[in-house]
Amino acid sequence: MTEQQGEAYQGMLSQAQLNELRNLLVGLSNEELKRLQTLLRDPHEFAGEISPILPAAIRKMVERGQLSLNSVLPMIEEALHQGIQKNPQRLADILFPVMGPAIRKAVSEDLKRLIQTANAGLEQGFSPKRLGWRLQALFTGKSYTEILLAKTYIFHVSHVMLIHRQTGLLLHQEKADKAVDLEADMISSMLTAIRDFVSDSFNQMEHASLDQIQVGDMTILIEQGPFAIVAAVIKGMPPADYRVSLMEAIEAVHFNHALDLENFDGNVLVYENTGKFLKTCLVSYRKQGEGSKPWPLIIILIIILLAIGWFGFQRYSLNKRINRFTEQLDALPGYHINDIQRSGRFFVIRGFKDYEAPEYKQLESWKIHDTGRIQLRLDPIISLEPAMILYRAEKILQPLSSTSLDYQNGTLILKGTANKTWFEENLPAWTSIPGVNDIDTRELNVKSPPDLSWIIPAIERHQFAFDVNITTLDSVQQRQFDSLVAAAVLLTDYNAQYGKKMAIFVQVYTNRYGNIEANIRKATERVDAFVSKLKEAGLPDDLLEGRVLFTDEPSSSRGQVRTVTFNVFNSAEDR
Amino acid sequence: MIKKKVVMLGAFAVGKTSLVQRFVHSIFSDKYLTTIGVKIDQKQISLKDHDVTLMLWDLYGEDDFMKVKSNYLMGSSGYFLVADGTRSETIEVAEKLHDMAAVVTNNAPFILLINKSDLTDLWEVSEERLNGLRNKGWNVIVTSARNNQNVDDAFYALTEQMIGQQTRPLS
Ligand SMILES: Nc1nc2c(ncn2[C@@H]2O[C@H](COP(=O)(O)OP(=O)(O)OP(=O)(O)O)[C@@H](O)[C@H]2O)c(=O)[nH]1
Ligand SMILES: [Mg+2]
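Residues numbered from 1 in each chain as written. Chains lettered and ligands numbered in written order. Predicted model: local features only at pLDDT ≥ 70, side-chain atom pairs only at ≥ 80, totals over all residues. Heavy atoms only, no water.

**Concerning the overall build of chain B**
For step 1, the next point in the chain: Scanning chain B from terminus to terminus reveals four helices and six strands.
For step 2, the next point in the chain: N-terminal to C-terminal, the α/β element order of chain B is β-α-β-β-β-α-β-α-β-α.
For step 3, the next point in the chain: For chain B, with 171 residues in total, the buried portion stands at 50%.
For step 4, the next point in the chain: Put simply, of all contacts in chain B between residues at least 6 apart along the chain, 73% involve residues at least 24 apart.
For step 5, the next point in the chain: Summed over its atoms, the accessible surface of chain B is roughly 7,900 Å², and 49% of this surface lies on carbon and sulfur atoms. (Helix = DSSP H or I, 4+ residues; strand = E, 2+ residues; numbered from the N terminus. Buried < 20%, exposed > 50% of the residue type's maximum accessible area, 1.4 Å probe, protein only. Contact = heavy atoms within 4.5 Å. Areas by Shrake-Rupley, 256 points an atom, 1.4 Å probe, with all protein chains shown as cover.)

Set out below in structure tokens:
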């Protein structure tokens, strides 16, 4: 069907309807006509007749744009306004479950503000207990004030009653586990009577309400709904926000039992299942007893302190080790440490290092177990610090142990003794040592090197012949002995200068004739006696070594048996 | 479980408290302790089909009945008008109280009790007077809290009326 056809069809239909209507009008009975006439004449009748179709008609008009909502709204508003003025309670009853949450929100906002003010007043206080609470706040994520309030308030809700507002009849009650049985029926009637009495005696306002009754340290908090009230029997001082729980409960009851409450006829069985709402109001806060300590908190505190201590100690000792290492490193020749920085886990040590400086890994402070945390950033340099110049000089010149080096103002000072060979061959290399401009050898005693070619014969030419059983020296022998000792001293000088280990055999010949054992023993005694003599004269131990030699002849060309002779050898090589 | 609120109305010293004490605790005392405000008692009774808990609101009696405020009557399912048979003016007080109570309770069931029937020598209320009241459709019972005459019957009768009125519109 096209649009044009559609319009035509609609036009036809309304035309048909008009015809139908005309037929009907013509065919009206007399009574019907009369009724219509009275209808038209009597505005009341007419209004009654058309009122059922008016809403639909208005809706249609609005849809077609023949009537704008803006023009009707003021009328509706006026009607609502008058309706509410006539019976405000009705509206309040309807709105109660809807408005409850909004009111509650406003109350809790107020509470929050109260808590903030309390905060300002309370934050200053300090004691170990409060420190504990602060920790608790830290761990539970609650505000400190919240905990403080909870700890300060002691209260216990023993009974919660749901009471029909008008009759004062108990609809349902819940009690705390160990609470005594109250005559809840009586109490709820009495509360209502008291309420009536109060409004009777003091207040003409119809909706004046009784919110709280104080009996000794017992408080009865009452929260009113349009049809029912909830009353909580409380020991002690409830926190301000407890009323919010009561409001929630009474709202929930109204929401779930609106009809039951409105048409209440004394049947209370249906309120059994309001128990779950009332139970949420059975709360209690117990104050921390003075004697009982918050052990979990104390333990946590101790653990935290231990952890802090441990970490602190670790840090301290690590820092100490790193500092010691840095100090030792700085003291090493050729090293200059500028700063230490912590970067994450690492200690970054920055500075300079002479390219020839000694290896730092030899430092015992380096051999700490956390060297992995040290990062050395040392730029290579040529250091002119005296220690490094001396270190380099030692390395290049290789001085003898008898020579000592010193450095002052660009001059290398040599002291002690040195031999000629070193003096001529090694010392000239000083020119290649950076920072050394001059050398001072005035206190260096340069000796010509002792020559084995004359020292050895000077030792070996001596021999001492003794009679049987005699080991003492006669005067001639004594002079020979002195000359032997002098020659031997030259050998020690030689050893010292060249770092050699030349030594002297002190030897006695014996033969295999007669009693061999007796011969050996006698020869050994003689050698030992002579070695002792030489040591007494001041020769070092390792220079002398005694030995007994055999000769096959009763007397040899090298000397008689019982004669002491000397033989120079290199103890570092042959033996 | 059904609970009902019942109010005792009447002039002072007619025996409202005594009737409740007799019914609830089966006791009677000659001492007169006037009630201040309201005294509440409860009693559970068993009818054929129902267990009913009665919450009995025993109000103070006032000479000037206008001072009895309607608040206490609100929500009551029935009430007793109590008069003292030795003081006929207490019946007038009861009648005036009824005018108010009928409105507040929306025509709840009630019974007129003419109390102290044991004091026959001092009795002032004639049979004609009682019949006149009965002709108005009132339920009138002569009682004695002291001798326990018609006390239980009166309470049971009112309870049955209340239950009846409750179930009638529902069925
Ligand atoms: N002989 C007799 N005395 C009664 C009876 N009932 C009550 N009394 C006495 O009447 C006096 C008043 O009784 P209450 O029960 O206190 O009267 P009430 O109506 O509660 O009085 P208020 O509380 O002041 O309004 C008391 O001394 C009672 O002992 C009864 O049935 N017979
Ligand atoms: Mg009394």
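So that's the structure; there's more coming.
**So, the site of ligand 1**
All names here are of chain B.
For step 1, the next point in the chain: Around ligand 1 lies a shell of 24 residues, among which Thr-17, Ser-18, Ser-29, Tyr-32 and Thr-34 are the nearest.
For step 2, the next point in the chain: Take Ser-29: an N or O atom from its main chain is 2.7 Å from an oxygen atom of ligand 1.
For step 3, the next point in the chain: Contact distances for ligand 1 include 2.5 Å between an oxygen atom and a side-chain N or O atom of Tyr-32.
For step 4, the next point in the chain: Looking at the shell around ligand 1, the element that brings in the most residues is helix H1 (residues 16-25), giving three residues.
For step 5, the next point in the chain: Taken together, the residues that form the shell around ligand 1 break down as nine nonpolar, nine polar and six charged. (Near = heavy atom within 4 Å. Polar contact = N/O pair within 3.5 Å; in protein donor to acceptor, adjacent residues only side chain to side chain. Nonpolar A, V, L, I, M, F, W, Y, C, P; charged D, E, K, R; others polar.)

**What to know about the coordination of the magnesium ion (ligand 2)**
For a metal with four tetrahedral donors the ideal donor-metal-donor angle is 109.5 degrees, while six octahedral donors give ideal angles of 90 or 180 degrees.
All names here are of chain B.
For step 1, the next point in the chain: Within the protein, the atoms that donate to the magnesium ion (ligand 2) are Thr-17 (OG1) and Thr-35 (OG1), at distances of 1.9 to 2.1 Å. Here Thr-17, found in helix H1, pairs with Thr-35, found in the loop between H1 and strand E2 (38-46); they are 18 residues apart in sequence, far enough to count as distant.
For step 2, the next point in the chain: Classification of Thr-17 by relative accessible area gives partly exposed; the value is 22%.
For step 3, the next point in the chain: Residue class for Thr-35 comes out buried when judged on its relative accessible area of 17%. (Donors = N, O, S within 2.8 Å, 3.2 Å for Na, K, Ca; no water.)

**What about the sheet that holds strand E16 (residues 563-570) of chain A?**
Residue and element names in this part refer to chain A.
For step 1, the next point in the chain: Strand order across the open sheet formed by four strands is E13-E16-E14-E15, with mixed pairing between neighbours. Edge strands, defined here as strands with exactly one partner in the open sheet, are strand E13 (463-465) and strand E15 (544-550). With strand direction ignored, the average angle separating the axes of adjacent strands in the sheet is 30 degrees. (Pairing = 2+ DSSP bridges. Axes fitted to C-alpha atoms, helices over the stretch in contact; angles between N-to-C directions.)

**Side note on the nonpolar core**
For step 1, the next point in the chain: By size, the foremost hydrophobic cluster in this structure holds 80 residues, and its most contacted members are Tyr-242 of chain A together with Leu-9, Tyr-79, Phe-80, Leu-81 and Leu-112 of chain B.
For step 2, the next point in the chain: Looking at this core, the element that brings in the most residues is helix H10 (residues 242-262) of chain A, giving seven residues.
For step 3, the next point in the chain: Counting 29 residues, the second largest nonpolar core, distinct from the first, contains Leu-452, Ile-455, Ala-487 and Leu-543 of chain A. (Core = buried A, V, L, I, M, F, W, Y, C linked by side-chain atoms within 4.5 Å.)

**Some points on H1 of chain B**
For step 1, the next point in the chain: Burial within H1 of chain B is extensive, with seven of its ten residues counted as buried.
For step 2, the next point in the chain: Once H1 of chain B ends, the next one or two residues include Ser-26 of chain B, with phi positive near 55 degrees.

**Side note on the interface of chain B and chain A**
For step 1, the next point in the chain: Chain B puts 19 residues into the contact, and the matching count from chain A is 20 residues.
For step 2, the next point in the chain: Between chain B and chain A, roughly 1,800 Å² of surface is buried when both sides are summed, and carbon and sulfur atoms account for 55% of that area.
For step 3, the next point in the chain: Of all residues in chain B, Met-1, Lys-3 and Ile-40 of chain B give up the largest surface area on contact with chain A, accounting jointly for 32% of the area buried on that side.
For step 4, the next point in the chain: The tally of links from chain B across to chain A stands at one salt bridge.
For step 5, the next point in the chain: For Lys-3 of chain B, the salt bridge identified is with Asp-185 of chain A, shortest N-O distance 2.8 Å. (Buried area = accessible area lost by both parts, 1.4 Å probe. Salt bridge = Lys/Arg side-chain N within 4 Å of Asp/Glu carboxyl O.)

**Notes on helix H16 (residues 475-498) of chain A**
Residues and elements named next belong to chain A.
For step 1, the next point in the chain: With 24 residues, H16 should reach 34 Å at 1.5 Å per residue; the first-to-last C-alpha distance of 35 Å fits that figure.
For step 2, the next point in the chain: At the N-terminal boundary of H16, the capping side chain belongs to Asp-474, with an oxygen 3.2 Å from the backbone nitrogen of Val-476.
For step 3, the next point in the chain: One or two residues past the end of H16 sits Gly-499, with phi positive at roughly 65 degrees. (Expected span 1.5 Å × (residues − 1).)

In short, shape yes, function no, at least from these values alone.
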